[in-house]
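# Per-entry structural report
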Amino acid sequence: MQPAVINIFEKAAKKAGRILIRDFGEIENLQIESKSVGDFVTNADLKVEKSILETLKYFYPNYTYITEESGIIKGDENAIVIDPIDGTSNFIHGIPHVGIIIAKMTNNEITDGIIYNPILNEFFWTSKGKGSWCNDRRLRVSNRSNLSDCLIGTGLPFGERIYKNYLSEIDEILKTTAGIRRFGSAGLDLAYVAAGKLDGFWEADLNLWDLSTGTLLVKEAGGRISKINGEDWNIDCREILASNSNIHIDLSEKLSLL
Ligand code: 2AM
Ligand code: CA
């Protein structure tokens, strides 16, 4: 059964999801210049986040809030981390791979979280000790152990996010696996590792709100997370390596020996 905090996150996400759906439909019909698309999306982000905050603050008025759009709202030792639209570029291009992410953190540990894709009506949730779920289905990571059978997700950097080794990382992974997928939402990519669709995932230069719920989804589904070099992950890390756990060391070695 869903814990109370997940019920509240679900209420907040589904209410804000209606705004996201409306704006997603709107953007598909918009044929406006790219500058105005940018403004439209920023505005959609703000509206969705405002709606989430409104619902959550009613139930948790004293919590700390760490959000992509409004920054940090300082409160007590319980924190809620919010990404109103993960997969913003997908949203802009009318690709329905987007998620609202909300996670709870106590003493710097993520204990509960949701990712909701309102377009596809996929509601992922997880709580420490209670497993990972999508709608009514319990999630389990894949069982593959040969890298050559494995499909690996990543996020390709662009613009100022380009870093030195990314082409060698891709070269190495392409040579030794069944291929790479790049879907554009780190949150949903981690959910896909939890669901056993992707066998592994890595990406650098992310923020806590992208990673929050996804890290717990992977762990509670039997997978493993770490830094890319295999060291322990914590909430200050801006990068992630996630896997079904069988291939974790192999992946980490391939990505760190470059
Ligand atoms: P966003 O859609 O909320 O921006 C895709 O590679 C992932 O990287 C998404 O989760 C995306 O989150 C995030 N992302 C996109 N642009 C980014 C940037 N400039 N800095 C940090 N993260 C970014
Ligand atoms: Ca994000």
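As shown above, the structure is provided for reference.
Please read these numbers as outputs of a predicted model, since none were measured by experiment.

### Looking at the overall build of the protein
Helix and strand counts for the protein come out as 7 helices and 13 strands. Computed over the C-alpha atoms, the radius of gyration of the protein is 18 Å, within 12% of the 18 Å expected from 2.2 N^0.38 for a compact globule of 258 residues. Overall, the C-alpha framework of the protein stretches about 45 × 45 × 35 Å when taken along its three principal axes. Of all 258 residues assigned to the protein, the portion counted as buried reaches 43%.

### A closer look at the sheet that holds strand β6 (residues 122–127)
As summarised here, the arrangement of the 8 strands in space is β2-β1-β3-β4-β5-β6-β7-β8, forming an open sheet in which the pairing is mixed. One side of each edge strand has no neighbouring strand; the edge strands of this open sheet are β2 (71–73) and β8 (137–138). Where helix α1 (residues 4–29) meets the sheet, it contacts β3 (78–86), β4 (99–106), β5 (109–117) and β6, and its direction lies at approximately 35° from that of β5. Each of β1 (64–67), β3, β4, β5, β6 and β7 (131–134) touches helix α6 (residues 208–220); the most contacted strand, β5, lies at about 100° to it.

### Thoughts on the pairing of β4
Every other side chain in a regular strand lies on the same face of the sheet, so the side chains alternate between the two faces. Judged by how many residues are buried, β4 sits mostly within the fold: 7 of 8 residues are covered. Inspection of the sheet shows β3 paired to β4 by 7 bridges, in the antiparallel sense. Across the sheet, residue Asn-78 finds its bridge partner in β4, namely Thr-106. The pairing of β4 with β5 spans 7 bridges and is classified as antiparallel. Note that in β5 the partner of Ala-103 across the bridge is Gly-113. Between β4 and β5, which pair antiparallel in sequence order, lie 2 residues; one of them, Asn-107, sits at a positive phi of approximately 50°.

### Describing the site of ligand 1
Surveying the vicinity of ligand 1 reveals 15 residues, the closest of which are Asp-86, Thr-88, Gly-155, Ala-186 and Asp-210. Of all the secondary-structure elements, those providing two or more residues to the shell around ligand 1 are β3 and α5 (186–194). Two domains share the shell around ligand 1, each providing at least three of its residues, namely domain 1 (4–138) and domain 2 (147–256).

### A look at the pairing of strand β11 (residues 200–203)
Of the two faces of β11, the one lined by Gly-200 and Trp-202 and the one lined by Phe-201 and Glu-203 are each fully buried. Bridge count between strand β9 (residues 151–154) and β11: 3 bridges; the pairing is parallel. Following the sheet pairing, Ile-152 is matched in β11 by Gly-200.

### What about α1?
With 26 residues, α1 extends 38 Å from end C-alpha to end C-alpha; this agrees with the ideal 38 Å at 1.5 Å per step. What α1 keeps buried is the set Val-5, Ile-6, Ile-8, Phe-9, Ala-12, Ala-13, Ala-16, Gly-17, Leu-20, Asp-23 and Phe-24.

### Details of the sheet that holds strand β13 (residues 240–243)
Within the open sheet, the 5 strands sit side by side as β10-β9-β11-β13-β12. Their pairing is mixed. Only two strands of the sheet have a single partner each, and these edge strands are β10 (179–181) and β12 (224–226). Along the sheet, successive strands turn relative to each other by an average axial angle of 20°, direction set aside. With 3 bridges connecting them, β12 and β13 associate as antiparallel partners. By the bridge assignment, Arg-224 is partnered in β13 with Ser-243.

Each value, and the rule that gives it
- Residues numbered from 1 in each chain as written.
- Chains lettered and ligands numbered in written order.
- Predicted model: local features only at pLDDT ≥ 70, side-chain atom pairs only at ≥ 80, totals over all residues.
- Helix = DSSP H or I, 4+ residues; strand = E, 2+ residues; numbered from the N terminus.
- Rg over C-alpha atoms; globule rule 2.2 N^0.38 Å.
- Buried ≥ 20, exposed ≤ 12 C-beta atoms within 10 Å, placed from the backbone.
- Pairing = 2+ DSSP bridges.
- Contact = placed C-beta atoms within 7 Å.
- Axes fitted to C-alpha atoms, helices over the stretch in contact; angles between N-to-C directions.
- Near = placed C-beta within 6 Å.
- Domains from an automatic or database assignment.
- Expected span 1.5 Å × (residues − 1).

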